[in-house]
Structures are given as structure tokens and as C-alpha cells.
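What the coordinates show
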Amino acid sequence: VSSAADALHELRAEHFDIVVTDMRMPGMDGAQLLAIVKDEQPDMARLILSGFSDHEASLRAVAVAQQYISKPCSIKTLRATIERTYNLHQLIANQAIRNLVGRLDKLPSAPAMYLELSKAAQDPNSQISSFADIIGRDPAMSVKVLQIVNSGYFGMARCVTSIEEAVTYLGVETLKALVLTAQSFAMLKICNVKGFSVEKTQNHLLLAARLARCFCTDPVQAETAFSAALLHDVGQLVIAVSAPDAFARIALDVSQTHRPWQVVEQEFLDVTHSEVGAFLLGSWGLPFSIIEPVAYHHNPNRVRDGDMNVLAAVHVAAMFADYHDAIALVDADPGPLDLAFLRRVGMTDRLGQWATQGQVLINEHELAITNSSLDCP
């Protein structure tokens, strides 16, 4: 259709899976259109096509678009993006996921602090102090941020005691991902679920996040990979709460048979934590650049076209983190890796470098866990 008004007329008359809009249109721009679509049809995938020359407009689009397509754009690229988005959308619309999530009294909403940080990030007038003020209103989160930034996971040379300084060092996107993870654990109250270890899971996610960021050379992709890896197992939290008995049986089976966790999940639940996590993050409105690596971190070869750097980084990081206790990465055959995928995207030659970098980070991570308590106020 040729205008936002015509698009809304069509959207209100029948169901569509995906909407792709230009940013600049008369009467109503793409961000305004997608905001209405998000409210009226939240299950629809929202893509925006733009050169993003207008900084203010691009900031408004961040809150409502799940995928960006840059101009100029070839028909081949547009088609591949739509197909990739549709496949992901179909995956997280699986009825087995809806049945599992439906056992929750209420699907957890995105943490309020995350939404505040996201809103502040869209404001071109926001300063570092704005983000520090949001964190500072929650004493528990303030302590968590200071613990993490001082813990050796980030290799600080001196003790950081200021929230503002911590925010400056971590960056807003990393901070948002940490808030999502930390508040998800607190919100879902899974401490008493048999077979679930809060401490072990948090350590695993942070290690995977550090590895994924290290494996990306592009700074923007590195931060996306960090966020995706930090959230890649969030589906386990949902399963632990919505099906605690099944979760306990899965944990017992894994401990006895040593089979991969996702294989046992599939047998017991007809779905895995990857898809469940992607469903939850989709309901929170996170961008597909984060949802996709979460959905496919165990089977990345199901994604056929487009840039694979973040997906590859999160996949390899998650597998290294999964097996770091039992495998000497530099000398071991990387059995859990999807080698067919890595060969297809031309990344097998990077495995040696990633393994060496991974072993260094794993050693640092283990030392950080050993010395995890704060030595300063």
C-alpha cells in the first residue's frame, strides 16, 4: 500500500504476519505506524526500511521496530530478510511453546527498569547520569552492577564505587542486558526449583556473553552478541517456573545420561529452552537481532541467509561455556559445535583462534568466580 493510513485499513481488515514500512512518509512516518501496529497486533513482526539519516526519527524507531533494513536495499536482500524474519516468527509461534508458557499464571512482563533504560536511550538529551539515576533507585540492582563491574569478569584495574562510573564503563546496551537477566531471575523466583542452580546459571550466562563479545570484531555486533549470549538460556527460567516437575526430571536425566539438555527437553516437552526464551524475548519486544541467536544457538544451520556473525559468535560461545568444565578447548575436538553451519558460513578457520581466546577468558572467569566477593565498599 502507498500510505500509513491505507496500511492501517488493511491491517484492521485481515491478519498479516509481517509489516515492512518506509520511515519517511507523509502524514504518519514509519515509527508512528509501527507504534500503532505494536499496540493493535503485537504478534506481528515489524520491519522498517530506512537510511536513518534523521537521528531523532531513528531513536523513535528503536522502540517499535524489531528489524532494520538499510537503504539502498536490493530485492534479494529484502526477500532474504523477510524470509528470515518469517521463519523465526513461525518458530516462536509453536503451539508447544504457547502451551508451556500458558501454564504460567501470567507471562512475565519486561522488567520496569529495562523499559526505563530503553526509554532514556531513545532520548538524545540523556546523559550518563540519567542511566545512573535509574539504576540508583534500586539498591539491589545497584549492588549487582557494582559487584559485576568489580568482579574480575571485566578486568578492572581498580575498584569502582560509583554507579555513574560503572555505567560509563559497561555501556548502556550491556547495562540493559544485565538488568534483564538479573531482574528476570528475581522476578521468576526459581530459587527452590529442584535441579536449577541460580549461581551456576548466572555464571554460565556471563561467561558465554564475554566469549561472544570477544568473537565479534565489529563493535556493534559485539554488543549485540553480548546481550544475546547473556539471555540465551532465559527459556530455562520459564520452564523451571511453568513446569518445575518436568524441569527436575530433565535435570535428573541429563545428569544420568549426559545427553545434551535440549535433546532431553525436546523429548519431555516437545520444545526446548531456546524457542521458549525467544518467545519470551519476543513478547518483551526485543529486536530480532537478539531473539534470533537465542532461538537458534543450538542449531544455527537452520538460518540460511544474511549476516551470520552474531549467530556464529553466540553459538560457539554458548557451546564453549556449556563444556568448559570438561574440555580443554585448545586440544579438544569441538563435538558440540554445528560444524556444518560453520563450514557453510566460512568460519571453521576461526575456530582455532576462538578456542585460544576462549581458554584465556575461561581461565579469567574461573579466577573471577573464586574471587567474586567485593573487596571495597
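As a starting point, this report considers the structure included with it. These figures come from a predicted structure and were not determined experimentally.

Along the backbone of the protein there are 20 helices and three strands. Taken over 377 residues, the protein has a buried fraction of 50%. For the protein, the computed accessible surface area is about 17,800 Å², with 52% contributed by carbon and sulfur atoms.

Moving on to the nonpolar core. If you look at the biggest cluster of nonpolar residues, it comprises 105 residues, and the most contacted ones within it are Ile135, Leu281 and Leu286. With 11 residues, the single largest contributor to this core is helix α18 (residues 309-323). Setting aside chain neighbours within four positions, we find Leu286 in contact with Gln66, Tyr114, Leu180, Leu231, Leu281 and Ile291. Counting residues in hydrophobic clusters, the runner-up holds 14 residues, among them Leu8, Met23, Leu34 and Ile48.

Another aspect to go through is the packing of aromatic side chains. Centre-to-centre distance and the angle between the planes together describe a pair of aromatic rings. The final tally for this structure, using the stated rule, is three aromatic pairs. Summarising the aromatic geometry, the rings of Phe215 and Trp354 are spaced 5.1 Å apart at their centres and angled 25 degrees between planes, so their arrangement reads as stacked. Note that Phe215 is positioned in the loop between α11 (198-214) and α12 (219-230) and Trp354 in helix α20 (residues 351-370), a separation of 139 residues in sequence. Looking at Trp354, the relative accessible area reads 2%, which means it is buried. Grouped by ring-pair contacts, the aromatic residues Phe215, Phe320 and Trp354 constitute a single cluster.

Although it is not a glycine, His258 sits at a positive phi angle of roughly 60 degrees. When you line up the elements, His258 lands in the loop between α14 (244-257) and α15 (261-269). Look at Asp270: it is not a glycine, yet its phi comes out positive at around 65 degrees.

Now for the pairing of strand β1 (residues 18-22). Put simply, side chains in a regular strand alternate between the two faces of the sheet. Here β1 pairs with strand β2 (residues 45-50) via five bridges, running parallel. Bridge assignment links Val20 to a residue of β2, and that residue is Leu47. The β-α-β motif built from β1, the intervening helix α2 (residues 30-40) and the parallel element β2 has right-handed crossover chirality.

Criteria and thresholds
Residues numbered from 1 in each chain as written. Predicted model: local features only at pLDDT ≥ 70, side-chain atom pairs only at ≥ 80, totals over all residues. Heavy atoms only, no water. Helix = DSSP H or I, 4+ residues; strand = E, 2+ residues; numbered from the N terminus. Buried < 20%, exposed > 50% of the residue type's maximum accessible area, 1.4 Å probe, protein only. Areas by Shrake-Rupley, 256 points an atom, 1.4 Å probe, with all protein chains shown as cover. Core = buried A, V, L, I, M, F, W, Y, C linked by side-chain atoms within 4.5 Å. Contact = heavy atoms within 4.5 Å. Phe/Tyr/Trp six-rings, centres within 6.5 Å; stacked < 30°, edge-to-face > 60°. Pairing = 2+ DSSP bridges. Right-handed = clockwise from strand over helix to strand, strands pointing away.

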